Amino acid sequence: MKSALSIDRRRLLGLGTAAGAGLLLPPSLRGAQAASFPAVAEKDAVIAFGHVGPVNDEGWTWSHDQGMKAVQAAFPKAKTLFVESIPYSADATRTFRQFATQKANLIFATSQYGDFYKDVTKRNRGIAFMECNGSSLEENLGWYYFAHWYPTYVIGVAAGLMSKTGKLGYVASFPVTSCYASTNAFLMGARSVKPEATLQVVTINSWFDPQAATQAGVALANNGCDFLFGIMDEAGYLQIAEQRGIKAAMWNTDMRRFGPKAYVSSVVIDLKAYYVDQVAKRLAGTWEPKATILPLGKGVDRDVWGETVPEAVAKQADAVREKMLSGGFNPFAGEIRDNKGKVRVPAGQTMSEMDLYKWDWSIEGVAGLGA
Amino acid sequence: MEIVTGILATAVLAGGVLALAALGEVLAERVGVVNLGVEGLMALGALTGIATVSATASPTLGFVAALGVGFLFGCLFALATVLLRADQVLCGLALTLLGTGLAATAGRPYAGSPAKATFEPVPIPYLSELPVVGSALFSQNWLVYLIYFILPIAIHWLMFKTRHGLNMRAVGENPAAADASGIPVTAIRFWYVALGASLAGGAGAYLTLAFVPSWSEGVVAGRGWIAVALVIFAGYRPLTAVAAALVFGVITALGFVGQARGWPVAPAILSMLPYLGTIAFIILPVVAWRRLKPFFAEPAALARPYHRDVR
């Protein structure tokens, strides 16, 4: 699993001594030695955000925008810049370069822009860069994400308890690591209480396409799924669940107003504290390029349970969450087979955070996502 | 049978958006004006629908308001293309940019809140009990009946069974000849372009009030362009345009149903179906049956501004 990061290992070794890195990561992945980023006075500071979607999407980008608002509140004299709906193309390079020429001290990309981003980071070593869902570290580039697989597992437990047919449905975007980790964690949670549960995935090739997500939800419901989950930035399939009298869980934000009876919970992300902390470090001159996966309860969590979730279900699922929070319970333990029956994680082993972040195969019982 | 009904039910809903927009485009293109602003008009209509409903809680009013906004922007487009004779392709693209941008900006307060009221299904007695097609076609909301039955038949009758329709088509085929025989070319073009745009606005409201009952930026997601393509495939005829929209809806639904039922076909192939279908529909008939070519021929004066004084 570590090999997924090997692109940068050589570079990291070349750069020599490891600076303090994310506590969760194995030693070989610790960050490169930081170029120095001297302290900046608050009134001179410029903090920039590049978003993948519109800030009013009520989902992913909205959550990140709340982070920017928190930064504005904490550092009222600092200047903040943002650009919405940056495509995954050379336009991204142009946008981030623009931030650089506007004398930004710290630039956040709230999605993975890969080489389009690195074009800019390489040419501006004096500027600190962060990439959400990134995959490599450089002397001035760090990345951050959050352990969404834990709250997803908790919601999966609730789904297993509430589903009558044992057929769960999932509206996915693309066969990417976030979707693999999300579908797998969801089904593992469900199977912990209902071992015969299966998960059918429909991929719609977009993070945001209300029409397609709605049709995918209808198709899944028609096929007998009585609990829908997904990784969409909008509430299309929740509204279908409400019409059909089945249940649904969401991503990013509280969406219960779209389907109060169907709403079970959501994987809510809250990056306010993280963004404020990063900006504070940059101002103080102590910012370092690190890889951070925010743990359960600190950046990502399940939402308050929906009004139709039985108390017993909420209690049982929350007990699992409590075990994760206090006892460090890791449910991603062997034996785990992939959906071709091959043992991928032998009994007695658990998957590390990095393994989970880089998950790229489906577990037994998940159908439709590809490999 | 259950699968067929399921597919058909989704297809009817999804195809309705395309059908209404395509009907509007048929009107405009038949009088010789290609309107590439459908995508933008749909965005404006979608927003108008949701904004009206959040103020009045009446989906019918929302739909009518969207028709009105579509009409208004249609007049603007007709002013540029018919009266001022600007390039239709460029104006259409400008209208798309204007519409999507304006809707995104003006729609901020409505983002992320569900529609307060939506069109509810009104089953038609007897017909809705038919096997297979009954629940799919005849247990829908009244907009579906309007889009699939009333409008296309009305437009077909108007276009092909009345003298006015003959005039209309003459304007699209040969405006100079039409002008010489006393047909008011400019007026016909202007009003049908505006009317067509109004239907595109209605298609947007159908989207937010019946299909995906909420507003978000990008909710149209390219369906306006597909509607434009469908018109070409349908040979610029209202009945075939609606049929084509339904076929397209079925193909799209097949992709989702196939994935949901775990058919042993790669999801990527299933998601490709609508696009493969579009290519096949446009190329196959013309290549396979050359005699059909005249059926698919575009109005001869399509996209050409008419100048009475220049020949």
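Here the structure is a predicted model, which is why all the values come from computation and not from measurement. (Residues numbered from 1 in each chain as written. Chains lettered and ligands numbered in written order. Predicted model: local features only at pLDDT ≥ 70, side-chain atom pairs only at ≥ 80, totals over all residues.)

Side note on the nonpolar core
With 220 residues, the main nonpolar core has A22 and L230 of chain B as its most contacted residues. Counting residues domain by domain, this core receives three or more from each of domain 1 (2-146 + 271-294) and domain 2 (149-269 + 300-367) of chain A. (Core = buried A, V, L, I, M, F, W, Y, C linked by C-beta atoms within 7 Å. Buried ≥ 20, exposed ≤ 12 C-beta atoms within 10 Å, placed from the backbone. Domains from an automatic or database assignment.)

Focus: unusual backbone geometry
Residue and element names in this part refer to chain A. The omega angle of the peptide bond from G334 to E335 is 5°, so this bond is cis rather than trans. Within the fold, E335 resides in the loop between α10 (311-327) and β13 (336-337). Backbone geometry at K103 places phi at a positive 65°, although glycine is not the residue there. One can find K103 in the loop between α3 (90-101) and β3 (106-109). (Helix = DSSP H or I, 4+ residues; strand = E, 2+ residues; numbered from the N terminus.)

So, the UniProt feature "transmembrane region" (unreviewed entry) in chain B
All names here are of chain B. Per the UniProt record, "transmembrane region" (unreviewed entry) is annotated on residues 61-83, 90-111, 142-160, 190-212, 243-262 and 268-289. Structurally, residues 90-111 comprises 77% helix and 0% strand, and the distance from its first C-alpha atom to its last is 30 Å. Structurally, residues 190-212 is divided into 96% helix and 0% strand, and its ends, taken at the C-alpha atoms, are 32 Å apart. (UniProt positions renumbered as here; feature names shortened; annotations may be inferred.)

Some points on the sheet that holds strand β6 (residues 167-172) of chain A
Residue and element names in this part refer to chain A. Across the sheet, 7 strands lie side by side as β12-β10-β9-β8-β6-β7-β15; this open sheet has mixed pairing. With partners counted over all chains shown, the strands left at the sheet margins are β12 (300-302) and β15 (366-367), one partner each. Sheet analysis places β6 next to strand β8 (residues 227-230), joined by 4 bridges and oriented parallel. Note on β8: the bridge partner recorded for L168 is F227. (Pairing = 2+ DSSP bridges.)

Observations regarding the interface of chain A and chain B
Counting from both sides, the interface comprises 29 residues of chain A and, opposite them, 28 residues of chain B. Those elements that place two or more of their residues in the side of chain A that touches chain B are β7 (198-203), α7 (210-222) and α8 (236-244) of chain A. Looking at the side of chain A that touches chain B, its residues break down into 11 nonpolar, 13 polar and 5 charged. (Contact = placed C-beta atoms within 7 Å. Nonpolar A, V, L, I, M, F, W, Y, C, P; charged D, E, K, R; others polar.)

Quick word on the pairing of strand β2 (residues 79-83) of chain A
Residues and elements named next belong to chain A. Bridge count between strand β1 (residues 46-50) and β2: 5 bridges; the pairing is parallel. For F49, the partnering residue across the bridge sits in β2 and is F82. In this view, the connection linking β1 to its parallel neighbour β2 by way of helix α2 (residues 60-74) has right-handed handedness. (Right-handed = clockwise from strand over helix to strand, strands pointing away.)

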